[in-house]
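An overview of the molecular structure
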Amino acid sequence: LGEWLSEPKPSTWFERAGVVPDEGAVVLDARTRMLYDAGGIYINGESLTSGAGDVALLRRLADRRRIDAGEFAGTDAATRELLRAWCGAGWCHSGRPDNPGDER
């Protein structure tokens, strides 16, 4: 159900990001659908298995649509790699002020 509810509309497309954050803020793209329940985390029709990263941090990202630089820097390598992959796919962006994906 989580995969189905988070699936973007068929006409939705994402531009691959040129900037992948190393330790800066991360902001979800406006078209990204991210949610969670007791059983998992879902983003754009995909589900994460348990142990796929820092669950608390990813839930905060789903709730606030943003992770601040301090939160990103303090997470484990698996979560950082997951966020880099999502940014590379265009699902999220660097939270730099000059980045058009930053929705403050």
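In what follows, the accompanying structure is described.

Overview of the pattern of salt bridges
Per the counting criterion, the structure on display carries 5 salt bridges. Where D29 meets R31, a salt bridge forms, and the shortest distance between an N and an O atom there is 2.8 Å. Looking at D29, the relative accessible area reads 6%, which means it is buried. Through salt bridges with shared partners, one network takes in R60, R64 and E71.

Side note on the side chain of H93
Take H93: it is sitting in strand β6 (residues 92–94). Side chain to side chain, H93 and D29 meet in a polar contact 2.6 Å long.

Comments concerning the nonpolar core
With 19 residues, the main nonpolar core has M34, L58, L61, L83 and W86 as its most contacted residues. Sorting the residues of this core by element identifies β1 (26–28), β3 (40–43), α2 (55–64) and α4 (77–88) as the ones contributing at least two each. Beyond its immediate chain neighbours, meaning those up to four positions away, M34 contacts L28, I41, Y42, I43, L58, L61, A62 and W86.

Looking at the packing of α2 against α4
Two numbers describe how α2 lies on α4: the axes approach to 10 Å, and their chain directions differ by 30°. The pairing of α2 with α4 is recorded here as roughly parallel in orientation. Of the two possible hands of crossing, α2 and α4 adopt the one that is right-handed. Of α4, the residues touching α2 (which contributes L57, L58 and L61) are T79, L82, L83 and W86. Residue composition of the contact of α2 with α4, grouped by class: 6 nonpolar, 1 polar and no charged.

Focus: the packing of aromatic side chains
In total, this model carries 2 aromatic pairs according to the counting rule given. Aromatic side chains W86 and W91 sit 6.5 Å apart centroid to centroid with 40° between the ring planes, which places their arrangement in the tilted category. Judged on exposure class, the residue W86 and its partner W91 are both buried. Over the face of the ring belonging to W13 we find R31, whose NZ or CZ atom lies 5.8 Å from the ring centre.

Topic: the pairing of β3
Both faces of β3 are covered, namely the face carrying G40 and Y42 and the face carrying I41 and I43. Where strand β2 (residues 34–37) and β3 come together, 4 bridges link them in antiparallel fashion. In the sheet register, M34 faces β3, and the bridge partner there is I43. Counting the residues between successive antiparallel strands, the hairpin from β2 to β3 contains 2 residues. Inspection of the sheet shows β3 paired to strand β4 (residues 46–48) by 3 bridges, in the antiparallel sense. Each bridged residue has a counterpart across the sheet, and for I43 the counterpart in β4 is E46.

Rules of the game
Residues numbered from 1 in each chain as written. Predicted model: local features only at pLDDT ≥ 70, side-chain atom pairs only at ≥ 80, totals over all residues. Heavy atoms only, no water. Salt bridge = Lys/Arg side-chain N within 4 Å of Asp/Glu carboxyl O. Buried < 20%, exposed > 50% of the residue type's maximum accessible area, 1.4 Å probe, protein only. Helix = DSSP H or I, 4+ residues; strand = E, 2+ residues; numbered from the N terminus. Polar contact = N/O pair within 3.5 Å; in protein donor to acceptor, adjacent residues only side chain to side chain. Core = buried A, V, L, I, M, F, W, Y, C linked by side-chain atoms within 4.5 Å. Contact = heavy atoms within 4.5 Å. Axes fitted to C-alpha atoms, helices over the stretch in contact; angles between N-to-C directions. Parallel < 35°, antiparallel > 145°, perpendicular 65-115°, else oblique. Left-handed = near helix turned anticlockwise from the far one by under 90°. Nonpolar A, V, L, I, M, F, W, Y, C, P; charged D, E, K, R; others polar. Phe/Tyr/Trp six-rings, centres within 6.5 Å; stacked < 30°, edge-to-face > 60°. Lys NZ or Arg CZ within 6 Å of the ring centre and 35° of its normal. Pairing = 2+ DSSP bridges.

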